[in-house]
Amino acid sequence: MTQPSNFKLLTNETAIALTKKLGLIHTNDSLQCNEIGDGNLNYVFHVTNPDTNKGVIIKQAVPYAKVLGESWPLTLKRAAIEANALIQFGSYCPEFVPKVYYSDEQLAITIMEDLSHLKIARTGLIDGNHFPLLSKHIGEFVAKTAFYTSDFHLEPSAKKEVARNFTNPELCKITEVFIFTDPFFEEHPGEFELELKVAAQTIWNDAELILEVAKLKQCFESEQEALLHGDLHTGSIFASDIETKVIDPEFAFYGPVGFDLGQYIANLLFQAITRPAAEKEEIFTYLQEFLDTFEETYTALWNSDNKSPYSKVDGYLSYVLTKFKSDAYGFAGCELIRRTIGLSHVADLNGIENKETRIAAKTATLKVGAYLIKNRKELNIPTVNEIVKQYTLASYSTL
Ligand code: SR1
Ligand code: MG
């Protein structure tokens, strides 16, 4: 594989040397470094001063997708896209993204704020931690980034310029293949347990569903509504009970707003599906708070900062919000299905040790996913709540 001539993989030693050279941690003493990357694509070095506990994170992309192996070459430009997206998002809501200290396009490196005092939201939710502000923060984050990067706020030519800088075909291709295509065709099987074959076949043979997925894929590929994070699942969010930070926007591109909304919704739904009945309610509160905050924040920005000559036209805002939400439920359905019978499974489901319970949870996930896709235009959170309860009860009662 050809690599850019200046590209060199970091080691713990060179990561420390770079941190010292840039003066990012003031010390005369020795620094420590661990490679902590557990994601699908990159290496992540955590450099710290053990005396003060001050640290930085150095993220380095490699010229292929780690999870797929060297046979899937992948642009190093994604590191620059990620750094630029963090900077852009930080200009709208600095409280919700890590600070970027340094980036090097040749080495595909971004050095950023150490967030190790926080927990990855997916892990925290699985462990039963409570994040009372998480959904309010993410709702505000998506509303602000979606509004400020759209044609409603930017001059159309300025927006096209930003969109050009965030053209991200290789990372979009991962989504197009692994979320919108492979899980829906029998001839492109993903990874899943044999016991799910019948449920998977139900998806592949559902002509109505497949047509709706085709429409959602078309929406993802062709609509340039706003600059998206592009991979806003709960593994891309650090949280505590008071703080929330969105990380990893290497999939950032101009796309449909519902995609970011839908990713977050789906990844909360894994929790709603897998939790015992009494603990599901908390997740539905998160979902409702998320959409409420998104809508309130977006509406306030629309009323104060919308530059479109049509902004005051009766029904226009409502039309836009309704479209975002129906796209969101559809995209959420695709995400639920791909994390179950496609690539890149989630710990919420795979971490269920008892096989029968795990298969029941995955079967319910597939059914909820298909329902969201087909009924996306009529949905709201209370209805989704009912559907999740019905399908989880039905799947578990067949045990
Ligand atoms: C090949 S990368 C697999 C998945 O990991 C990322 O987080 C995205 O969700 C992608 O689809
Ligand atoms: Mg990621």
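Residues numbered from 1 in each chain as written. Chains lettered and ligands numbered in written order. Predicted model: local features only at pLDDT ≥ 70, side-chain atom pairs only at ≥ 80, totals over all residues. Heavy atoms only, no water.

Asker: What exactly am I supposed to notice about the layout of surface pockets here?
Answerer: Which parts of space are left empty comes out when a probe the size of a water molecule is rolled across the atoms. Computed from the structure, the largest pocket encloses a volume of approximately 1,100 Å³. Around the largest pocket, the lining is made up of 44 residues, and of these Asp38, Gly39, His233, Gly235 and Asp248 lie nearest the centre. Elements with a contribution of two residues or more to the lining of the largest pocket: β2 (42-48), β3 (55-61), β7 (109-113), α3 (121-126), α6 (169-178) and α11 (316-341). Among the elements that line the lining of the largest pocket, the one with the most residues is β2, at three residues. By residue class, the composition of the lining of the largest pocket is 19 nonpolar, 15 polar and ten charged. (1 Å grid on protein atoms, 1.4 Å probe; cavity = no way out; pocket = protein on both sides within 12 Å on 5 of 7 lines; lining within 4 Å. Points joined across faces, edges and corners; volume = space filled by probe spheres on them. Helix = DSSP H or I, 4+ residues; strand = E, 2+ residues; numbered from the N terminus. Nonpolar A, V, L, I, M, F, W, Y, C, P; charged D, E, K, R; others polar.)

Asker: Looking at this structure, how should I read the site of ligand 1?
Answerer: Around ligand 1, the structure places Asn40, Leu41, Val67, Leu68, Ile174, Asp231, His233, Phe251, Arg338, Arg339, Leu343 and Ser344. A distance of 3.4 Å is found between an oxygen atom of ligand 1 and a side-chain nitrogen or oxygen belonging to His233. In this structure, an oxygen atom belonging to ligand 1 sits 2.8 Å away from a side-chain N or O atom of Arg338. Coverage of ligand 1 by the protein chains reaches 95% of its 320 Å² of free accessible surface. If you map ligand 1 onto the pockets, it falls in the largest pocket. For the shell around ligand 1, the class distribution of residues is six nonpolar, three polar and three charged. (Near = heavy atom within 4 Å. Polar contact = N/O pair within 3.5 Å; in protein donor to acceptor, adjacent residues only side chain to side chain. Areas by Shrake-Rupley, 256 points an atom, 1.4 Å probe, with all protein chains shown as cover. Sits in = over half its atoms within 2 Å of the grid points.)

Asker: Whenever I open this one, the packing of helix α4 (residues 134-148) against helix α10 (residues 277-305) confuses me. Can you help?
Answerer: Working note: a packed helix pair is described by the angle between its axes plus the distance between those axes. Where α4 meets α10, the closest approach of the two axes is 7 Å, and the angle between their N-to-C directions is 35 degrees. In the crossing of α4 with α10, the sense of the turn from one axis to the other is right-handed. On α10, the residues that touch Ser135, Lys136, Ile138, Gly139, Glu140, Val142, Ala143, Lys144, Ala146, Phe147 and Tyr148 of α4 are Tyr286, Glu289, Phe290, Thr293, Phe294, Thr297, Tyr298, Leu301, Trp302 and Asp305. Counted by class, the contact of α4 with α10 contains twelve nonpolar, four polar and five charged residues. (Axes fitted to C-alpha atoms, helices over the stretch in contact; angles between N-to-C directions. Left-handed = near helix turned anticlockwise from the far one by under 90°. Contact = heavy atoms within 4.5 Å.)

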